[in-house]
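The chain contents come next:
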Amino acid sequence: MTEKTETPETDDTKEAVAAIRHLTREVEKLNGHRFIAVQNSVPRLILFQFTRGLAFGLGSVLGASLLVSVLTWWLSQFEFLPIIGDWMAQLADEFERATGNGGINQGNQ
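Residues numbered from 1 in each chain as written. Predicted model: local features only at pLDDT ≥ 70, side-chain atom pairs only at ≥ 80, totals over all residues. Heavy atoms only, no water.

> What is the right way to look at the overall build of the chain in this model?
In terms of helices and strands, the chain carries four helices and zero strands. Reading the chain from its N terminus to its C terminus gives the helix and strand order α-α-α-α. Counting over 109 residues, the chain shows a buried share of 7%. For the chain, the exposed area adds up to about 10000 Å²; of that, 64% sits on carbon and sulfur atoms. (Helix = DSSP H or I, 4+ residues; strand = E, 2+ residues; numbered from the N terminus. Buried < 20%, exposed > 50% of the residue type's maximum accessible area, 1.4 Å probe, protein only. Areas by Shrake-Rupley, 256 points an atom, 1.4 Å probe, with all protein chains shown as cover.)

Dropping the structure here:
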């Protein structure tokens, strides 16, 4: 019997080679993606993270300011409640005094 030195390509081998070629194309496409390009460069990564932090900080401050403003206005409408109403009236007077604006409660002082 004679032995063959070459192994014939089976269907499994052909599928594996095709899968590796497909995987290679996908990795090349992924390496060309913008996100990976930013991650591969330290200065670009630092700039990206800094910009992201600025946007997050600005959004947090604006959101918190809006929320506190709306909540303060809403609570100031409850003057009929003895504890909250008195406290909110004092708080409104302090706001008016700090800003120098005349308001509804200015004549009550």
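> Honestly, a nonpolar patch on the surface in this entry has me stumped. Any pointers?
Together, Leu47, Phe50 and Leu54 make up an exposed nonpolar region whose accessible area comes to about 340 Å². Locating Leu47 in the fold gives a position in helix H3 (residues 42-76). (Patch = residues over 30% accessible without salt bridge, like charges linked within 9 Å, V, L, I, M, F, W, Y side chains within 5 Å. Salt bridge = Lys/Arg side-chain N within 4 Å of Asp/Glu carboxyl O.)

> Help me understand the pattern of salt bridges, please; the structure alone is not making it clear to me.
Side chains that carry opposite charge are capable of pairing whenever their charged atoms lie near each other. Tallied over the entire structure, the rule returns two salt bridges. With its nearest N and O atoms 4.0 Å apart, the salt bridge here joins Glu26 to Lys29. Of this pair, Glu26 and Lys29 are both found in helix H1 (residues 11-31), three residues apart, which corresponds to roughly one turn of the helix. By relative accessible area, Glu26 is classed as partly exposed at 35%.

Note that every value here comes from positions in space, so none of it alone points to a role or purpose.
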